[in-house]
Amino acid sequence: MRAFRYARASDPADAATLVAGEPDAVYLGGGTNLVDLMKLGVLRPGLVVDVSRLPYDRIEHLPDGGVLIGGAARGGRVGRDDVLRRRYPALIRALLSGASAQIRGQATLAGNLLQRTRCPYFQNTTVPCNKRDPGSGCSAIPGAHRDLGVIGTSDHCVATHPSDLAVALAAYDAVVEVRRRDGTEVLVPIGDLYRLPGDTPWIETVLEPGDLITGVQLPPPPDGAVATYRKVRDRWSFAFATVSVAAVLTADEVRLALGGVAPKPWRLTATERLLAGTDPTDDEVRAATRAAFADARPLPDNAFKIELAVDLVAAVFRDLRPVGAGR
Amino acid sequence: MTDQLRGEVVLRVNGVDRVVNLDNRTTLLDALREHLRLTGTKKGCDHGQCGACTVLVDGERANSCLLLAVAVEGRAVTTVEGLADGDELHPLQRAFIAHDGFQCGYCTPGQICSAVGMLAEVAGGLPSWVSADLVAAPELDDDEIRERMSGNLCRCGAYAGIVAAIREVADG
Amino acid sequence: MSAGSGLPRLEGRDKVTGAARYAYEYPIEDCLYVWPVGATVASGTVTEVDATAALADPEVVAVVDHTNAPRLRPAVTADELVLQSPTVAYRGQVVAAVVATTLEAAREGAEQLLVRYVEHPHKAVLDPDDPDLEQPETTNAGFPGTSVKGDVDAALAAADVAVDHIYTTPPEHNNPMETVAIIARWDGERLLVHDSNQGPWAAATGYGMLWGIPADQVDVVTEHVGGGFGSKVWPTAGAVVATVAARVTGRPCKLMLTRQQMYTMAPARTATRSRIRLGARRDGTLTAIDHDALQYSSVIHEFVEQTGSATRTMYASDNLRIRHRLARLNLPTPRVMRAPGKTPGMFALESAMDELAYALGMDPLALRLRNEPPTEPATGLPFGGRHLVDCLRAGADKFGWASRDPTPAVRRRGRWLFGTGLASAVYPVYQQGGTATARASPDGTFDVSVAAVDIGTGARTALWQAVADALGVPPSRVSVHIGRSAFGQSSLAGGSAGTASWGGAVRKACFELGRRLAEHGGAVPVDGLEVTADTAADQLPPDHARHSYGAHFCAVRVDADTGQVRVDRLLGVFAHGHALNARTTHSQLLGGMVMGLSIALCEQTIVDPRLGLFVNHDLAQYHIATNADIRGLEAHSLEHTDDDVTLVGGKGIGELGIVGSAAAVANAVFHATGVRVRDLPITVERVRAR
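Think of each chain on its own: its residues are numbered from 1, step by step along the sequence as written. Both sets of labels track the order of writing: A upward for chains, 1 upward for ligands. Selection of residues for local features in this predicted model requires a pLDDT of at least 70, selection of side-chain atom pairs for listing and counting requires 80 or more, and totals for whole chains, interfaces and linings are taken over all residues. Side-chain descriptors were evaluated using all non-hydrogen atoms of the structure, hydrogens and water having been removed beforehand.

**Focus: the overall build of chain B**
In step 1: Numbered from the N terminus, helices here are DSSP runs of H or I no shorter than four residues, and strands are runs of E no shorter than two. Of the regular secondary structure elements, chain B holds five helices and five strands.
In step 2: Reading chain B from its N end, one meets helices and strands in the order β-β-α-β-β-β-α-α-α-α.
In step 3: For this measure, only C-alpha atoms enter the radius of gyration; the expected value for a globule follows 2.2 Å times N^0.38, where N is the number of residues. Taking 2.2 N^0.38 as the reference for a compact globule, 172 residues should give roughly 16 Å; the C-alpha atoms of chain B span a radius of gyration of 17 Å, in line with that estimate.
In step 4: When its C-alpha atoms are laid out on the principal axes, chain B stretches across 50 × 35 × 30 Å.
In step 5: The buried share of chain B, reckoned over its 172 residues, is 66%.
In step 6: Pairs of residues are marked as contacts when any of their non-hydrogen atoms sit within 4.5 Å. Counting contacts in chain B only where the partners sit at least 6 residues apart, residues at least 24 apart contribute 52% of the total.
In step 7: Entry remark: accessible area of chain B is about 5300 Å², with carbon and sulfur atoms responsible for 48%. Relative accessibility decides the category of a residue: with a 1.4 Å probe and only protein chains considered, values under 20% of the type maximum give buried, values over 50% give exposed, and everything between is partly exposed. Throughout, the Shrake-Rupley method with a 1.4 Å probe supplies accessible areas, and for residues the shown protein chains are the sole cover considered.

Take a look at the structure:
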């Protein structure tokens, strides 16, 4: 870990000032992934600007029934919020499925969204990785890729985004509030936050240097929505998703997002279109889910994820909206 | 704005302010172990993957290996050394002995600090992944204890004793 | 769950308050921090270690590599001969070490080091068709590499029913919670170390061999150890680096391997591939057992996991063949991990027995009872107590096995498929000679010293009880001192032999002290009275086959949507003779079962053959069972007395609980789903592969 300067931002403007002209500055929230990657030598910032004490840890219940969660809000705070527990069950379940209680208690919402892939090659500075070391090659494609992506990937990178929470946020059509360095605020739908790897896998989001995620807006859930989050992993707790699904269903609307399969939370838009407003049979759910994988790029050891996703989506439909019961 | 790579940090540990001159890179875990001689907090993985370094920060459990010490300034840190009341052990410490909730003992301080924080989370109404009802006050059955304690690995496999010890304290 | 009876751990208070001091935690002034650097090629030669950037940091005191390290002498494996040559035999092998005044500077210095290599071709795939496979003469623990009784091929050809399958287990890492840790100091030609190991005497011997000094010039202090499971049996490459750094700098040096470094600078368990062929008559009588085991070692040292060793002793058959083959790969030398050989070998054999039971249409319990041998099958030796049948019957009774419908994949409730399975367990009795010293003081107290170590087994407490029993005094008058090599030659905490071996020595010392006291008319002289006993000559003759036994019964539920396996219940019944402390014995058995469950369901070190890389070298991606993975765990000890066992009347318990438990899980998964998973771990894609 390179020696670095540390500064605690006193207010948002101060944070922007501190990072101005500092190409190797990073923001520190909970630090659960940043410090991890600094110890591994994957990230070597020269300046760490601590934004964890900025006033972005609030949770606001909005008049329209939506909720604004501050970017510095930590998991314990989010998990205890009554409104979120009542109205956004898939979000709470996704949150509680992630990492450990300790990590959840430390990690901020913004940091959760911006955490880096757990691809083991990305985390190991002694082996090639296009995301960490552009142009060095992808070790995972010819190597150990069982846990990596099957869709949205490229010949240059098959990393997955590891967040559970982001998957649920995608299903709730969350919008990310970003404070620019010049103090202006922009809103980024979560579906637009992440960029697919293409031939520039080291560029992961649309954020610009100095941008700060100050919060996430959750629109009110659709009327009559039922929702859940299911997660398959290699042990029963404290493991990243092999495949996960967040589902928000109403009689007319279907929203499905997958984790563990793609470089970002993966909305199954094709499936949603096919199933919206229908009362599908199990086979129809499966067929519609498979359709969303038409452009999949599975590798030998992770191809199983596609049928696993199909089975998970079917199970979630069965549990949330028993055939014929919803109409 | 500082150009310093290290500096004096005031760490409030177990109710006492300690002034230490630390490299910015020093984690809370290393500050405790290498600078404050509080070696009860253990290093098992140094990446937040095992829970051996669990301490309480402002009453909430945290992996001290992932906290930069300089960023913890002003917060109240409680380590395993701060749980007992003089010679009187914390009830969880007594229960871990009574139920043989450890073997090698290396994960134990983290388990106990974690359990202290966990019981507070339950009292505060925080549900868990295995809670059937996210809204109701959580009922701390064994599966709830297991899930909530899964951030603390025990390679000796003392989980049954750990659950029994926490169960006893939770049931009062 | 009851913790069992028996005194609570002596060091319990220290462990729950954080007062217990582990190797790295001794406050030693002026201590330097050592950060070892691993090779980044799988095979090759170091051509340059450019330390310019690292040494530019004033906090960096030294960089040590093969050009400036002092010479070491061969000891146990070549892995420990660190920094002796530019040759790289595997990725992660120590090629340099940075020594600094702070931990942070040592780590950054290691990052700044530029090591250049000429790369050579490497091999990191365990391939049964590898043309260079070796047929070792012997395996670890001294079993023959190949042993043949009768004509296995003819018997298989003539069998009414035969099964023939391949079972694989991946490399597994011991992953004690405390990584390898050491503080090393030199005082002239004396080496002083606070060290995390499984035997202070063995550590002193190992460091002494490496440095060419007698073991009694090495003072090893090992008060508490954060687990070993075989990884700390002998000095590891990582720990030796600290002794080198201390020699080079002339200052105390401390080192604690990172979790990642543990994967290459400390040992692991080899991958195994067992082809098991069983032949039987219609009535279930085994006529042939063939175990062909393939495993790997490094290219610098031959270590042969005794994968087939349990097959030598389990079931009766006139025709029995056990073979070991060895691949030599560019990976770290694998060594022992909890129940070496038995753990992977019994996964294979006990899975195959289940498959044979289905092929015969026979209850798997009945099949095992049918093939109970009168003498040890491979050696013909009489058993020094055999209680497998007792364990199986008692377990079946406690578990409710009798009502089981053997039909696979028919018990579904909601999304869950339910199933049950069983497997046998076995572990040999080992005991080593050693010394212990007992001292009586005029104030009526007693002090007993033995170079034992408590890695979590409860040895300290058990020895305390053993001493009090032997002396016939209340435990409050007894102090037991362990954890120092200076206490004399002594056993390892390994092979489940520790407590039995140390217990034998302390009992002998106590009995002799009692005799000496009687000679003094019972009065303790003013200067006290001290005797040292040695059990080297008191060892068990090799005239019996001595083992402890067990039986695992497992109930699983499998998520029919996803293939995730959940163990609802794992019940073990064990016959291990007299337990010195029922409470810690119970914990040891449970701990073994938990590790067995863990290797069944989630543990594997993934090898990237292109890079010769252990890919998942941390605890986020090398999964060990969490608390949430463990439900319904029961360990029962069978009451029995075996005359012909160790000096303390018991058999080892530390490893028994892990043996066979993975097979019990896999057999239950088959019963639940109809899917036979022959490759560990039992991941969702394997359960889903129909």
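**Remarks on the environment of I682(C)**
All names here are of chain C.
In step 1: Within the secondary structure, I682 is located in the loop between α14 (661-673) and α15 (684-688).
In step 2: On the accessibility criterion, I682 (4% relative accessible area) is buried.
In step 3: For the pair I682 and E603, spaced 79 residues apart in the sequence, the C-alpha separation amounts to 9.2 Å.
In step 4: Apart from the residues within four sequence positions on either side, I682 is in contact with V565, A600, L601, V665, A666, V669, V677 and V687.

**Describing the domain arrangement of chain B**
All names here are of chain B.
In step 1: Domain segmentation is taken from an automatic or database assignment of domains. Examined at the domain level, chain B breaks down into domain 1 (6-82) and domain 2 (91-170).
In step 2: Using only C-alpha atoms to locate each centre, domain 1 and domain 2 end up separated by 22 Å.
In step 3: The interface of domain 1 with domain 2 comprises 17 residues on the first partner and 15 residues on the second.
In step 4: Note on definitions: salt bridges are taken to be side-chain nitrogens of Lys or Arg within 4 Å of carboxyl oxygens of Asp or Glu. Taken together, the links from domain 1 to domain 2 amount to one salt bridge.
In step 5: In this structure, the salt-bridge partner of E121 is R61, at a minimum N-O distance of 2.8 Å.
In step 6: Contacts described as polar in this section are N or O atom pairs within 3.5 Å, which, within protein, must combine one atom able to donate a hydrogen with one able to accept it, while residues neighboring in sequence count only if both atoms come from side chains. Between domain 1 and domain 2 we count eight residue pairs in polar contact (both at pLDDT 80 or more) in total.
In step 7: Side-chain classes follow a simple rule in which Ala, Val, Leu, Ile, Met, Phe, Trp, Tyr, Cys and Pro form the nonpolar group, Asp, Glu, Lys and Arg form the charged group, and the remainder, Gly included, forms the polar group. Residue composition of the side of domain 1 that touches domain 2, grouped by class: five nonpolar, eight polar and four charged.

**Regarding helix α5 (residues 89-97) of chain A**
In step 1: Of all the nine residues making up α5(A), eight are buried; the element is thus mostly covered by neighbouring parts of the structure.
In step 2: The set of residues buried in α5(A) consists of A90(A), L91(A), I92(A), R93(A), A94(A), L95(A), L96(A) and S97(A).

**Concerning the pairing of strand β7 (residues 185-189) of chain A**
All names here are of chain A.
In step 1: When DSSP finds at least two bridges between two strands, those strands are taken to pair. Direction of pairing for strand β6 (residues 175-179) relative to β7: antiparallel, over a ladder of five bridges. What sits directly across from V178, in β7, is V186.
In step 2: With antiparallel pairing between neighbouring strands as the criterion, β6 and β7 make up a hairpin whose turn holds five residues, including G183 at a positive phi of roughly 90°.

**Focus on the UniProt feature "domain: Aldehyde oxidase/xanthine dehydrogenase a/b hammerhead" (unreviewed entry) in chain C**
In step 1: UniProt positions are given in the numbering used here, feature names are shortened, and annotations may be inferred rather than shown by experiment. Under the present numbering, the feature "domain: Aldehyde oxidase/xanthine dehydrogenase a/b hammerhead" (unreviewed entry) in UniProt falls on residues 17-121 of chain C.
In step 2: Within the segment residues 17-121 of chain C, helix and strand shares are 14% and 33% respectively, and the terminal C-alpha atoms sit 51 Å apart.

**Some remarks on the interface of chain C and chain A**
Often the size quoted for an interface is simply the accessible area lost on bringing the parts together.
In step 1: On the chain A side, the residues contacting the 35 residues of chain C number 36 residues.
In step 2: Reported buried area values correspond to the accessible surface (1.4 Å probe) lost by two parts on association, with both partners' losses combined. Interface area, chain C with chain A, both sides summed: about 3100 Å², of which 50% is carbon and sulfur.
In step 3: Considering only the side of chain C, the residues that lose the most area to chain A are D561(C), Q564(C) and Q621(C), jointly responsible for 17% of the buried surface there.
In step 4: Applying the counting rule to chain C against chain A returns seven salt bridges.

**Things to note about the side chain of S131(B)**
In step 1: Along the chain, the position of S131(B) falls in the loop between α3 (108-123) and α4 (142-148).
In step 2: Side chain to side chain, S131(B) and E144(B) meet in a polar contact 2.7 Å long.
In step 3: Beyond its immediate sequence surroundings of up to four residues, S131(B) is in contact with R93(A), E144(B) and R148(B).

**Side note on the domain arrangement of chain C**
All names here are of chain C.
In step 1: By the assigned domains, chain C splits into domain 1 (13-121 + 177-227 + 232-265), domain 2 (140-172 + 269-429 + 543-688) and domain 3 (435-534).
In step 2: Computed over C-alpha atoms only, the centres of domain 2 and domain 3 are separated by 37 Å.
In step 3: At the interface, 12 residues of domain 2 touch 15 residues of domain 3.
In step 4: Our count for the domain 2 to domain 3 interface comes out at zero salt bridges.
In step 5: The tally of links between domain 2 and domain 3 comes to four residue pairs in polar contact (both at pLDDT 80 or more).

**A word on the pattern of salt bridges**
Opposite charge on two side chains permits them to pair, given that their charged atoms come into close proximity.
In step 1: Using the criterion set out here, one finds 83 salt bridges over all chains in the structure.
In step 2: Where K43(B) meets D46(B), a salt bridge forms, and the shortest distance between an N and an O atom there is 3.7 Å. The same class applies to K43(B) and to D46(B), which are both buried.
In step 3: Among the salt bridges present, the one from D58(B) reaches R75(B), with a minimum N-O distance of 3.6 Å. With D58(B) in the loop between β3 (54-57) and β4 (60-63) and R75(B) in the loop between β4 and β5 (76-78), this residue pair connects regions lying 17 residues apart in the sequence.
In step 4: Its relative accessible area of 45% is what places D58(B) among the partly exposed residues.
In step 5: Among the ionic contacts, a cluster of salt bridges with common partners joins R230(A), R318(A), D319(A), R415(C), D559(C) and D561(C).

**Observations concerning unusual backbone geometry**
In step 1: The omega angle of the peptide bond from L680(C) to P681(C) is -5°, so this bond is cis rather than trans.
In step 2: For P681(C), the position within the fold is in the loop between α14 and α15.
In step 3: Even without being a glycine, A99(A) presents a positive backbone phi close to 50°.
In step 4: The exposure class of A99(A) is partly exposed, given its relative accessible area of 26%.

**Looking at the packing of aromatic side chains**
Aromatic rings in a pair are described by how distant their centres are and how their planes are angled relative to each other.
Residue and element names in this part refer to chain C.
In step 1: In this scheme Phe, Tyr and Trp rings, the latter by its six-membered ring, pair at centre separations within 6.5 Å, and the angle between planes marks the pair as stacked below 30 degrees, edge-to-face above 60, and tilted otherwise. A complete count under the given rule lists 11 aromatic pairs over all chains for this structure.
In step 2: Measuring from centroid to centroid gives 4.8 Å for W186 and W211, while their planes differ by 75°, and the two rings are edge-to-face. Placement of the pair is W186 in strand β9 (residues 181-187) and W211 in helix α5 (residues 200-211), with a sequence separation of 25 residues.
In step 3: Overall, W186 belongs to the buried group, its relative accessible area being 17%.
In step 4: On the basis of relative accessibility, which here comes to 10%, the residue W211 falls in the buried class.
In step 5: An aromatic cluster of three or more residues is present, and its members are F399, W401 and F553.
In step 6: Geometry around Y26 places R21 over its ring, the cationic atom sitting 5.7 Å from the centre.
In step 7: Taking NZ or CZ as reference, R247 lies 4.3 Å from the ring centre of W186, over its face. Any Lys NZ or Arg CZ found within 6 Å of a ring centre and within 35 degrees of that ring's normal is scored as a charge over the ring.

**Focus on the sheet that holds strand β26 (residues 633-637) of chain C**
Residues and elements named next belong to chain C.
In step 1: Taking strand neighbours across the sheet as the criterion, the five strands line up as β16-β17-β22-β23-β26 in an open arrangement whose pairing is mixed. Both edges of this open sheet fall to β16 (412-413) and β26, since each of them pairs with a single strand only.
In step 2: Where strand β23 (residues 565-575) and β26 come together, five bridges link them in parallel fashion. Among the inter-strand pairings, L570 is bridged to a residue of β26, identified as L633.
In step 3: Here, axes are lines fitted to C-alpha atoms. For helices the fit covers the stretch in contact, and angles between N-to-C directions go from 0 to 180 degrees. Contacts between helix α10 (residues 388-399) and the sheet are confined to β17 (416-428), β22 (547-559), β23 and β26, with β22 contributing the most and set at about 30° to the helix.
In step 4: The strands touched by α14 within the sheet are β17, β22 and β23, with β17 carrying the most contacts at an inclination of about 155°.

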